[in-house]
Amino acid sequence: SYDKLIGCTIGMLKLYYYFWPEKTNEISNITNWILQKIFQQSDLPQIEYMPISYYEKESFLITFYELSRMTNCNQQIDSSIFNTKEYKKLIEEVYNNFIFNYNDQDCTEIDLCRHIQFCVYFEKPFDGLLGSLMSKRDIDGKWVGVGRTSGVIVHLLEVLNKEQIIEKNLNKKLEETINYILDEYDLVNCNWNNLVLDSVRSIGALSLYDSLFSLSKKDFFESVKNEAEQIGYNNIIESSF
């Protein structure tokens with residue numbers, strides 16, 4: 001495990017799949033530890049009992065679903081596990097007790113994105129979640145600031161396809177938010193907020209949007225890359241790319 005923490009261990013497993021898929025023994029050990037904790041396998045006395053929150057169970061299901069869709073790993077998770085009795089029970093438990101009865105006031109925009117992600121993966125309705133998410137935007141189409149706004153867009157565009165976006169009447173709202181992100185680009189310092197994280201998120205959001213709908217400013221990335229080269233290598237925008 002990673003420090004005996006379920007969430008951190010799930011994150012560590014993702015890193016192994018993405019960057020060290022050849023480490024099959026480590027992947028197997030980490031996976032077994034997570035499964036033993038999530039399903040509290042009482043027939044294994046050496047595994048200490050620990051309470052698992054619904055947030056952690058949601059993270060587990062989302063992560064294992066994503067890992068089952070990976071094609072470049074020699075130890076891919078079998079997607080058929082989600083049809084087993086224990087997984088079906090866990091999916092329903094998380095949806096009914098954690099997502100279906102969510103409290104809009106207690107949910108951040110990223111919490112709502114995670115819930116939407118869960119619902120898309122496991123074919124649950126999410127119109128109410130989407131409505132709550134959009135209601136948290138301000139008049140400029142942003143969630144708090146450019147970093148968090150870009151994070152929301154990345155979450156949504158990694159989960160929803162073009163057809164779903166159009167069907168849910170999201171295309172106009174997304175366009176407003178994308179224009180806000182474009183407007184927040186600092187032409188003097190050639191980045192977003194002088195922060196690598198905000199710049200990375202903004203570039204990610206714009207890239208994903210461009211792959212689906214095409215940016216209104218088609219030469220934006222070309223201009224930014226040229227600026228990065230002119231400024232020199234060791235700078236925020238170059239690092240962000």
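Peer 1: Would you mind going over the packing of helix α7 (residues 146-159) against helix α9 (residues 171-183) with me for this structure?
Peer 2: Any two packed helices are characterised by how steeply their axes cross, that is the angle between the axes, and by the distance between the axes. Orientation of α7 relative to α9, taken along the N-to-C sense of each, is 140°, at an axis distance of 10 Å. The angle between α7 and α9 places the two elements in the oblique class. Between α7 and α9 lies a crossing whose hand is left-handed. Residue-level inspection shows V146, T149, S150, I153, L156 and L157 of α7 in contact with α9, the latter providing L174, T177, I178, Y180 and I181.

Peer 1: Honestly, the layout of surface pockets in this entry has me stumped. Any pointers?
Peer 2: Rolled over the atoms, a probe with the dimensions of a water molecule shows which regions are left empty. Roughly 420 Å³ of volume is contained in the largest pocket. Contributing to the lining of the largest pocket are 15 residues, with K14, E66, R114, Q117 and H155 lying nearest its centre. When its residues are assigned to classes, the lining of the largest pocket shows 6 nonpolar, 5 polar and 4 charged.

Peer 1: Help me understand unusual backbone geometry, please; the structure alone is not making it clear to me.
Peer 2: Glycine aside, residues mostly have negative phi angles, and peptide bonds mostly take the trans form. In the Ramachandran plot, D3 falls in the positive-phi region, its phi being about 55° despite a non-glycine side chain. Structurally, D3 can be placed in the segment before α1 (6-19). Assessed through its relative accessible area of 62%, D3 is described here as exposed. Positive phi is not limited to glycine here, since V144 has a value of about 65°. When you line up the elements, V144 lands in the loop between α6 (127-135) and α7.

Peer 1: Is there a simple way to think about helix α2 (residues 24-38) in this case?
Peer 2: Along an α-helix, residues three or four apart share an orientation, since each turn contains 3.6 residues. The end-to-end C-alpha distance of α2 is 21 Å, a good match for the 21 Å that 15 residues give at a rise of 1.5 Å each. The complete set of buried residues in α2 reads I27, I30, T31, W33, I34, L35, Q36, K37 and I38. Elements in contact with the buried residues of α2: α1, α3 (54-68) and α4 (85-99).

What counts, and where the lines are drawn
Residues numbered from 1 in each chain as written. Predicted model: local features only at pLDDT ≥ 70, side-chain atom pairs only at ≥ 80, totals over all residues. Heavy atoms only, no water. Axes fitted to C-alpha atoms, helices over the stretch in contact; angles between N-to-C directions. Helix = DSSP H or I, 4+ residues; strand = E, 2+ residues; numbered from the N terminus. Parallel < 35°, antiparallel > 145°, perpendicular 65-115°, else oblique. Left-handed = near helix turned anticlockwise from the far one by under 90°. Contact = heavy atoms within 4.5 Å. 1 Å grid on protein atoms, 1.4 Å probe; cavity = no way out; pocket = protein on both sides within 12 Å on 5 of 7 lines; lining within 4 Å. Points joined across faces, edges and corners; volume = space filled by probe spheres on them. Nonpolar A, V, L, I, M, F, W, Y, C, P; charged D, E, K, R; others polar. Buried < 20%, exposed > 50% of the residue type's maximum accessible area, 1.4 Å probe, protein only. Expected span 1.5 Å × (residues − 1).

None of this, on its own, says anything about what the molecule does.
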